[in-house]
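Architecture at a glance
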Amino acid sequence: MKISLVTPAPPRSRKGNRVTAISWSRHLRALGHRVYIEEKYTGRGCDLLIALHARRSFPSVARFREAHPGLPLIVGLTGTDLYQDIRTNADARLSLELADRLIVLQSMGVEELPRRHRGKARVIVQSVKAPAGDFQPRKGSFEVCVVGHLRSVKDPFRAAKATRLLKPPSKIKVVQAGGALTKEMADQARSEAKTNPRYKWIGEIPRWKALRLISRSRLHVLSSEMEGGANVLCEAIACSVPTLASRISGSIGLLGEDYPGYFEVKDTDRLASMLDRAEKDADYYRELKNWSKRIKPIVSPSTERKCWKDLIAEFSA
């Protein structure tokens, strides 16, 4: 098949939408398809359109459907689509109507869709290949990573705030990687680093470096208020690094309802308590670690590739 894959993130962007589009294209090409990544559908001849982001890619969805009413159309849903836009935005809702299939990145995402569209939905968890090598935790500290762009919806400084509540014997250090998307976020990160000896912000780094940072860390913290199925959570699972995560649907859909590493959104005290426990309680840390290892197959590249093969086969048939 000749496939046009539309994503609103521009070339060389390190944002999640571009990372997802590149990953999808690799799997589809490995299955023998020709894939073209575009920011918008320009009328290029193709057999199938995959549009990432129901609201932001709506013009491409509408143009393709008008030009090719008989060709298959897949819409991949982001966190802002699932937990915000399909409730409030007419374009996002119309994308659901026009699509033949909908992709969600974790199992709980299906429940967020209107009932009439759930039959169209397919769960495709983003796969990750852990970096080659043996990445040992750094000696002398209990390193905790936070990885992702600094955006308010990510609640990016929750882990840093939690470390301020830890008592002096603790060796916990938070290393935060990710670009600040506003001057205010950058200023806040610099201020936190100056006044909090347990916190370091290293800014935006290439993905391969981020994977190495995760791999050497003892813990990963994901404190987001909203996620569709975070790339970084899949990366932590692939690296067998346990996550302390805010209890949101997008993380529950990957980690499971009974995962022992949840704290409520914005609950600094609870996160601080869990960080302290993970550092001091070997049994608790082992429980988190073993859980991450047990669910690792969900982020296997072979698992994702089979999901894509099965989905494309629905149209081939």
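Remember, it's a predicted structure, so these values are computed and weren't measured experimentally.

Below, the discussion takes up the nonpolar core. Within the largest apolar cluster, 56 residues are counted, with the highest numbers of intra-cluster contacts made by Leu219, Leu244 and Leu275. Discounting residues that sit within four places of it in the chain, leucine 275 has contacts with Val144, Ala162, Ile172, Leu219, Val221 and Leu244.

Attention now goes to unusual backbone geometry. Even without being glycine, aspartate 155 reaches a positive phi, approximately 45°. Along the chain, the position of aspartate 155 falls in the loop between strand S7 (142-147) and helix H5 (158-163). Its relative accessible area of 7% is what places aspartate 155 among the buried residues. Look at serine 240: it is not a glycine, yet its phi comes out positive at around 60°. Relative to the helices and strands, serine 240 is located in the loop between helix H8 (231-238) and strand S11 (243-246). On the basis of relative accessibility, which here comes to 11%, the residue serine 240 falls in the buried class.

Attention now goes to the environment of proline 72. Structurally, proline 72 is set in the loop between helix H2 (58-67) and strand S4 (73-76). Classification of proline 72 by relative accessible area gives buried; the value is 12%. Sequence separation between proline 72 and glycine 119 is 47 residues, and the spatial gap between their C-alpha atoms is 16 Å. The contact partners of proline 72, leaving out residues within four places of it in the chain, are Asp47, Leu48, Leu49, Phe64, Arg65, Asp100 and Phe315.

Applying the stated rule across the entire model yields five aromatic pairs. Note on tyrosine 259 and tyrosine 262: the rings are 5.4 Å apart at their centroids and 75° apart in plane angle, and the pair reads as edge-to-face. The class of tyrosine 259 is buried, set by a relative accessible area of 3%. Three or more aromatic residues joined by ring pairs form one cluster here, namely Tyr259, Tyr262 and Trp291. Across from the ring centre of tyrosine 36, 4.2 Å away, lies the NZ or CZ of arginine 44, which sits over that ring. Directly above the aromatic system of tyrosine 284 lies the positively charged group of arginine 277, at a separation of 3.9 Å from the ring centroid.

All right, on to the sheet that holds strand S5 (residues 101-104) then. Strand pairing in a sheet relies on backbone hydrogen bonds, with the paired strands running either antiparallel or parallel. An order of S2-S1-S3-S4-S5-S6 is seen for the six strands of this open sheet, with the pairing classed as parallel. Unpaired on one side and paired on the other, strand S2 (34-38) and strand S6 (121-123) mark the two borders of the sheet. Going across the sheet, the axis of each strand differs from the next one's by a mean of 20°, ignoring polarity. Contacting strand S3 (48-52), S4, S5 and S6, helix H12 (residues 301-316) crosses the sheet at an angle of about 170° to S5.

By the secondary structure assignment, valine 299 is in the loop between helix H11 (282-294) and H12. The buried category is assigned to valine 299, whose relative accessible area is 2%. Put simply, valine 299 and leucine 254 are 45 residues apart on the chain and 9.4 Å apart in space, counted from C-alpha to C-alpha. For valine 299, the contacting residues outside a window of four places in its chain are Val125, Gln126, Ser127, Val128, Cys234, Ile237 and Ala238.

The next point concerns helix H10 (residues 268-280). One turn of the α-helix equals 3.6 residues, which is why residues spaced by three or four share an orientation. Spanning 13 residues, H10 covers 18 Å between terminal C-alpha atoms, matching the ideal 18 Å at 1.5 Å per step. Of all the residues in H10, the buried ones are Thr268, Leu271, Ala272, Met274, Leu275 and Ala278. Within H10, the buried residues cover an arc of 165° as seen down the axis, which keeps them to one side. Exposed residues pointing more than 90 degrees away from the buried face of H10 are listed as Asp269 and Lys280.

Reading the values: the criteria
Residues numbered from 1 in each chain as written. Predicted model: local features only at pLDDT ≥ 70, side-chain atom pairs only at ≥ 80, totals over all residues. Heavy atoms only, no water. Core = buried A, V, L, I, M, F, W, Y, C linked by side-chain atoms within 4.5 Å. Buried < 20%, exposed > 50% of the residue type's maximum accessible area, 1.4 Å probe, protein only. Contact = heavy atoms within 4.5 Å. Helix = DSSP H or I, 4+ residues; strand = E, 2+ residues; numbered from the N terminus. Phe/Tyr/Trp six-rings, centres within 6.5 Å; stacked < 30°, edge-to-face > 60°. Lys NZ or Arg CZ within 6 Å of the ring centre and 35° of its normal. Pairing = 2+ DSSP bridges. Axes fitted to C-alpha atoms, helices over the stretch in contact; angles between N-to-C directions. Expected span 1.5 Å × (residues − 1). Arc of directions from axis to C-beta.

Remember, this is a structural readout, not a statement about activity or role.
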